[in-house]
Amino acid sequence: MKKLCFLIFIVLLGQNILGQETVISGKVLAGDSRRPVPDVQIIDNDSGTGTTTGSDGRFFLKIKSDKNIVLTFSHISYHPLKITYKPGKNYKGQTLFLEPKTEVLQELEIMGVPVKERSYRTEHVGIKKIERSNLNDIGNLLRTVPNVSGIRKGAVGIDPVVRGFKFSQLNVQLNGGTRIEGGCPNRMDPATAHVDMNDLKNITILKGPFALKYGVNFAGVIDLTTYNPEFYDKYKTHVRTFLGGQTNQEGFKTKVAVQGANKIFTYQFSGSWKKFGDYEDGNGKLVPSSFEHQQYSGNIGFRIAQNHTIYATAKYSPGTNVDFPALPMDERKDDTKIYSLNYLSGTLGKSVNFIRFKAYFSDVHHTMDNKNRPFSDTVVAISTIHATSAGGKFGINLNVGKGQMEVGADYENTRKDGTREKYLIMQPLLPNKEEDLWNNALIGNTGVFAEYHRKSEKIDWVAAMRLDYNSATSNPLIRKNMADKPVYQNDSTESHYLNFSISGGITWHINKQNELFFSLGRGTRSPDMTERFIILLPIGYDPYDYLGNPQLKPETNNEVDLGYRFNNRKAGSIELSGFFSYVTDYITGELVPPSEIKPQTAGVLGVKKFENVPEVFMSGFELTYQTPARYLWHVNFNAAYTMGWNPEATVYIVENGQVVDETTVKNDPLPEIPPFEINIGFNYKFFRQKFVPSVSLRMAAAQNRISQAYNEKTTPGFAIVNLDLRYNFNSILTVYAGIKNLFNTAYYEHLNRNIIGTSYPLYEPGRIFYANLIFHL
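Report on the accompanying structure.

Cut-offs used in this document
Residues numbered from 1 in each chain as written. Predicted model: local features only at pLDDT ≥ 70, side-chain atom pairs only at ≥ 80, totals over all residues. Heavy atoms only, no water. Helix = DSSP H or I, 4+ residues; strand = E, 2+ residues; numbered from the N terminus. Rg over C-alpha atoms; globule rule 2.2 N^0.38 Å. Buried < 20%, exposed > 50% of the residue type's maximum accessible area, 1.4 Å probe, protein only. Contact = heavy atoms within 4.5 Å. Areas by Shrake-Rupley, 256 points an atom, 1.4 Å probe, with all protein chains shown as cover. Lys, Arg positive; Asp, Glu negative; His and termini not counted. Charge placed at Lys NZ, Arg CZ, Asp CG, Glu CD. Core = buried A, V, L, I, M, F, W, Y, C linked by side-chain atoms within 4.5 Å. Patch = residues over 30% accessible without salt bridge, like charges linked within 9 Å, V, L, I, M, F, W, Y side chains within 5 Å. Salt bridge = Lys/Arg side-chain N within 4 Å of Asp/Glu carboxyl O. Phe/Tyr/Trp six-rings, centres within 6.5 Å; stacked < 30°, edge-to-face > 60°. Lys NZ or Arg CZ within 6 Å of the ring centre and 35° of its normal. Pairing = 2+ DSSP bridges. Polar contact = N/O pair within 3.5 Å; in protein donor to acceptor, adjacent residues only side chain to side chain. Axes fitted to C-alpha atoms, helices over the stretch in contact; angles between N-to-C directions.

This paragraph deals with the overall build of the protein. When you go through the protein residue by residue, the secondary structure sums to 5 helices and 43 strands. In terms of overall size, the protein behaves like a compact globule, its C-alpha atoms giving a radius of gyration of 28 Å where 777 residues would be expected to give roughly 28 Å. If you line up the protein on its principal axes, its C-alpha atoms span 115 × 60 × 50 Å. Classification of the 777 residues of the protein by burial places 55% in the buried group. Within the protein, contacts between residues separated by at least 24 positions form 66% of all contacts whose residues are at least 6 apart in sequence. On the protein, roughly 33,100 Å² of surface is accessible, and the fraction owed to carbon and sulfur atoms is 58%. The centroid of the 86 positive side-chain charges in the protein is displaced by 11 Å from the centroid of its 77 negative side-chain charges.

On to the nonpolar core. Residues Trp 438, Phe 533, Ile 597 and Phe 610 are the most contacted members of the largest nonpolar core, which totals 42 residues. For this core, the secondary structure elements donating two or more residues are β24 (379–400), β26 (433–455), α5 (529–533), β32 (535–537), β33 (545–547), β35 (572–592), β36 (607–626) and β37 (633–655). Those residues in contact with Phe 533 that sit more than four places away from it in its chain are Leu 437, Trp 438, Ala 441, Leu 442, Ile 443, Ala 472, Thr 473, Ser 474, Leu 477, Thr 493, Gly 548 and Pro 550. Of all hydrophobic cores here, the second largest spans 34 residues; its members include Val 145, Ala 387, Phe 579 and Val 583.

A surface patch of nonpolar side chains, amounting to about 710 Å² of accessible area, comprises Ile 459, Trp 461, Ile 506, Trp 508, Leu 516, Phe 518, Leu 520 and Leu 562. Counting residues per element, the ones that place at least two in the nonpolar patch are β27 (459–473), β30 (495–509) and β31 (514–525). Residue contributions to the nonpolar patch peak at 3 residues, all from β31. With respect to the helices, strands and loops of the structure, Leu 520 is situated in strand β31.

This part is about the packing of aromatic side chains. Tallied over the entire structure, the rule returns 25 aromatic pairs. A centroid spacing of 4.4 Å and a plane angle of 80° characterise the contact between Tyr 727 and Phe 729, whose relative ring orientation is edge-to-face. Residue Phe 729 is classed as partly exposed on the basis of its relative accessible area, which comes to 43%. Three or more aromatic residues joined by ring pairs make a cluster, and in this case those are Tyr 684, Phe 686, Phe 687, Phe 691, Tyr 727 and Phe 729. The positively charged end of Arg 525 is found above the aromatic ring belonging to Phe 218, 5.8 Å away from the centroid.

On to the pairing of strand β39 (residues 677–684), then. Bridge count between β37 and β39: 8 bridges; the pairing is antiparallel. Note that in β39 the partner of Val 635 across the bridge is Phe 682. Here β39 runs beside strand β40 (residues 691–700); their pairing, made up of 7 bridges, is antiparallel. Across the sheet, the residue bridging to Glu 677 is Ala 700, located in β40.

Turning next to the environment of Thr 624. In this fold, Thr 624 is placed in strand β36. Not counting chain neighbours up to four residues away, the residues in contact with Thr 624 comprise Arg 121, Pro 146, Ser 573, Ile 574, Glu 575, Phe 637 and Asn 638. Polar side-chain contacts of Thr 624 include one of 3.3 Å to the side chain of Arg 121.

Taken as a whole and assessed by the stated rule, the structure comprises 41 salt bridges. Among the ionic pairs, Glu 764 bridges to Arg 143, the shortest N-O distance being 3.1 Å. Note that Glu 764 is positioned in the loop between β42 (733–740) and β43 (768–776) and Arg 143 in the loop between α4 (138–141) and β9 (148–151), a separation of 621 residues in sequence. Residue Glu 435 is joined to Lys 422 by a salt bridge in which the shortest nitrogen-to-oxygen separation is 3.6 Å. Residue Glu 435 is located in strand β26, and its partner Lys 422 is located in strand β25 (residues 403–424); the two are separated by 13 residues in the primary sequence. We classify Lys 422 as buried; its relative accessible area is 18%.

Let us now look at unusual backbone geometry. A positive phi angle, close to 60°, is found at Gln 249, a residue other than glycine. Considering the arrangement of structural elements, one finds Gln 249 in the loop between β15 (236–246) and β16 (251–261). Take Gln 249: its relative accessible area is 9%, and that puts it in the buried class. Phi at Leu 536 takes a positive value of approximately 55°, unusual for a residue other than glycine. Among the secondary structure elements, Leu 536 is positioned in strand β32. A relative accessible area of 0% places Leu 536 in the buried class.

Another aspect to go through is the environment of Lys 608. Structurally, the position occupied by Lys 608 is in strand β36. Here Lys 608 falls in the buried class, since its relative accessible area comes to 1%. Between the C-alpha atoms of Lys 608 and Thr 204, which are 404 residues apart in sequence, the distance is 35 Å. The residues contacting Lys 608, other than those within four sequence positions of it, are Asp 542, Tyr 544, Asp 545, Tyr 546, Leu 547, Gly 589, Glu 590, Leu 591, Tyr 652, Ala 709 and Tyr 710. For Lys 608, the side chain forms a polar contact with the side chain of Asp 542, separated by 2.5 Å.

Moving on, we come to the sheet that holds strand β12 (residues 171–174). Strand order across the open sheet formed by 4 strands is β8-β13-β14-β12, with mixed pairing between neighbours. Strands at the two margins of the open sheet, each flanked by one partner only, are β8 (122–125) and β12. Ignoring strand direction, the axes of neighbouring strands in this sheet form an average angle of 15°. Where β8 lies against strand β13 (residues 200–207), 4 bridges are found, and the strand directions are antiparallel. Within β13, the residue paired with Val 125 across the bridge is Ile 203.

This part is about the pairing of β42. Burial within β42 is extensive, with 8 of its 8 residues counted as buried. Both faces of β42 are covered, namely the face carrying Leu 733, Val 735, Ala 737 and Ile 739 and the face carrying Thr 734, Tyr 736, Gly 738 and Lys 740. Judged from the 6 bridges that link them, strand β41 (residues 718–728) and β42 form a sheet pairing that is antiparallel. Bridging from a neighbouring strand, Asn 728 pairs with Thr 734 of β42. Between β41 and β42, which follow one another and run antiparallel, lie 4 residues.

And the structure:
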């Protein structure tokens, strides 16, 4: 027995002495923020021994072995990373990056249910996709998300469309509740246009009318999340600098952010500037698309007690000379100010998980003119709009029974006032004409909500409801002719509605790899500023002056979603989801007889007034697949399709520029619905994940399902290829570069508007070379 023990000791000792010593050291950083990640477990897969990273993310290991060493880096909040090292070499001073788990980001950012446990479709756009993009517009970035598209009218300001729903049918917000009301009647400045894309940490899209604690939710929520500065045990200062440039729409963008903090106080101040010119489409045609934009922001935070934080934020965003060739006017100047105050508590006793409070105010001064239009030599028009949105939100999350319940209330007050001045260049003796676009319009919405979530081993379920009181008023809606006589007047502008929304869903965990999810919901929204109070302006897809209707009824979306998820560590993940929506009191435009109201814009066919129609239907699906993060190579795929139809629509027959008759068609497709689309991406990680080239393919089918009622035109399909690369030089510098639209394809999206005064569609940019440099100090 002694000899046997001695022999075993000699063998083990020999292995230890004869094995080659390998030194491995470095630091582990978060892939999104480039901040050190403490408490990462680093395990040798062969021996099971290892270490953990310190508070600064650093680690050191000595391992003796004659064969390849495989280390696994793991942390509860990040995807695990495996790296193979050859024995006998020194690997000192490495910088490794761990990618955040999507479900953890979702849970932290929106303080709700992790994405894998939601009973409805949720999409997430992370920091790496934002950083590597050459795009200057959030709406453009979202076009690669399944069943998300956008309406392009100019250089920027692409208006998001989710599953065919658009405009106020979507709840677009900043940091979980801040709302922004744009100025332009034609939506050249939707809410996404007032947020600098390089300020974003991630974007979350909650599809369907199910997430009711985020405010009024008719068809989906788009939550834009920016960085909140962190707290540190000891005072630290960090500087983040972004530099980017591109050809074709040639220009540059830059941003500098400085952040410092200790245990109780943190701050971040930043400034950005971007200026870009016109672009050439794939046909070589020059498209007016220049713009200039700046943003300055400050964010300070206080840890007033353990688990109690307060953040105060201020942003100022001036924009100038933004081209919109598909609209009657260009943006001449836009000044946007956003202020917010946020409080968050952690656990309080055994019953309270957190309490949160938000107050905000957004202020938009928007000026447009037609000075770059051919007809400006006879009439110069200048529009000035002032829009504000003020509100707040309170919520408390409680342990109730075997689940969690969040209850709370929110409030939003939106005001809008605007005028248009016309100067008759050819008749200087006539007085200038001033007319109202909005006449001191006001909409207030007060809501209360509750959401209950319960988990079990096999079944998770969630139920939510909200009740909204919506009131609106405006000064009289008046439009006068050149003789100063009213051609339209409406003094009855007040309305009040009580709206009820409810949703419920279940997720069935069949086993560790498979699950089914199902949601059923009803989301109701009241009409918006434009639908209630716009005064004779051509703001739609079709060539008509549109007139608001203060007595419109609320619109309701009754939707059911069904989906399947598969997740395997070796095979990857698949998610398939489908939806069906039954929309009642759908808001659309209907022709007003010219004997009642004549159009006030040259070249339009007549006047359409916003009205409710009894019902329309929408349905569609999304399919996604991606390989697991454990491999050096990565493939992702998504496909999506939506269709919508009006059971009974009115088609207006036009001859010689006039409406001469009308007819009724059955099951007319709804307008501005994107076609079937596929996105495919592939990348490979070289040199210990420092160098990552990628290629992506985007394909859209022809759209032949078009609305006769809106005189919509078919669009051809297209396919474009993009090449991108990322190189992490070190923990300080990361470089992104690439080629967009590699083959200089001439194409346009189905939702792109035509260039004003023509039937020529607004084409997308041709080939673009770009580079982005990001410094973290």
